[in-house]
Amino acid sequence: MTIRAAVITISDKGYAGQREDVSGPLLASLLEKMGAEVCERVLVPDEPDLIRRELTRLADEAHLDLMMTTGGTGPAPRDHTPEATLSVIDREMPGLAELLRFEGYRKTPLAVLS
């Protein structure tokens, strides 16, 4: 069974063309190396309504198995990804988030803030 996935980058600067999205393509590449089919890559600004709308569209209309987000997870006032995601999901997987933070911590102590 092939997992059908999407990668959503949440970045105001990326959306405005002021910064290149490097995390989205990297995440898509890693998913493909694991055997997933990346059906969509999306870039949205850090607006809670837009994040929720895109997550809902991908789940309900594109019928994907997995949606991975990158960006918008820090402590800055404009970082809304966790809250927007929590508002539309059926089940949390806190162990996965802990693992991602732990792996990030190996490179920078600031990863625990995501």
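For the structure itself, look to the data block above.
Residues numbered from 1 in each chain as written. Predicted model: local features only at pLDDT ≥ 70, side-chain atom pairs only at ≥ 80, totals over all residues. Heavy atoms only, no water.

A. Spotlight on the overall build of the protein chain. When helices and strands are tallied, the protein chain shows 5 helices and 3 strands. Taken over C-alpha atoms, the radius of gyration comes to 14 Å for the protein chain, in line with the 13 Å a tight globule of 114 residues would show. For the C-alpha atoms alone, the extent of the protein chain along its principal axes is close to 35 × 30 × 30 Å. The long-range fraction of contacts in the protein chain, counting pairs at least 24 apart against all pairs at least 6 apart in sequence, stands at 69%. (Helix = DSSP H or I, 4+ residues; strand = E, 2+ residues; numbered from the N terminus. Rg over C-alpha atoms; globule rule 2.2 N^0.38 Å. Contact = heavy atoms within 4.5 Å.)

B. Examining the nonpolar core more closely. Among the nonpolar cores identified, the biggest contains 11 residues, and these are Ala 6, Ile 8, Ile 10, Val 42, Val 44, Ile 51, Leu 55, Leu 58, Ala 62, Leu 64 and Ala 84. Counting residues per element, the ones that place at least two in this core are β1 (4-10), β2 (37-44) and α3 (48-60). (Core = buried A, V, L, I, M, F, W, Y, C linked by side-chain atoms within 4.5 Å. Buried < 20%, exposed > 50% of the residue type's maximum accessible area, 1.4 Å probe, protein only.)

C. Examining helix α2 (residues 23-33) more closely. Burial in α2 covers these residues: Gly 24, Leu 27, Ala 28 and Leu 31. An end-on view of α2 places all buried positions within 100° of arc, on one side of the element. Turned more than 90 degrees from where α2 packs its buried face, Leu 26 and Lys 33 sit exposed. Looking at the packing, one finds that the buried side of α2 touches β1, β2 and β3 (66-70). With its phi angle positive at about 100°, Gly 35 sits one or two positions after the end of α2. (Arc of directions from axis to C-beta.)

D. Structural detail: a nonpolar patch on the surface. A cluster of nonpolar side chains, namely Met 93, Leu 96, Leu 99, Leu 100 and Phe 102, defines an oily patch on the protein surface of about 520 Å² accessible area. Secondary-structure assignment places Leu 100 in helix α5 (residues 94-105). (Patch = residues over 30% accessible without salt bridge, like charges linked within 9 Å, V, L, I, M, F, W, Y side chains within 5 Å. Areas by Shrake-Rupley, 256 points an atom, 1.4 Å probe, with all protein chains shown as cover. Salt bridge = Lys/Arg side-chain N within 4 Å of Asp/Glu carboxyl O.)

E. Up close: the sheet that holds β2. The sheet built from 3 strands is open, its strands ordered β2-β1-β3 with parallel pairing. For this open sheet the edge positions go to β2 and β3, each flanked by a neighbour on one side alone. Strand-to-strand twist of the sheet, defined as the mean angle between neighbouring strand axes without regard to direction, takes the value 20°. With 7 bridges connecting them, β1 and β2 associate as parallel partners. What sits directly across from Arg 4, in β2, is Glu 37. Its contacts with the sheet put α3 on β1, β2 and β3, and the angle it makes with β2 is roughly 160°. (Pairing = 2+ DSSP bridges. Axes fitted to C-alpha atoms, helices over the stretch in contact; angles between N-to-C directions.)

F. The environment of Thr 69, seen in detail. Examined against the element boundaries, Thr 69 turns out to sit in strand β3. When the C-alpha atoms of Thr 69 and Lys 13 are compared, they prove to be 16 Å apart, with 56 residues separating the residues in sequence. When sequence neighbours within four positions are dropped, the list of residues in contact with Thr 69 reads Ile 8, Ile 10, Leu 27, Leu 55 and Thr 81.

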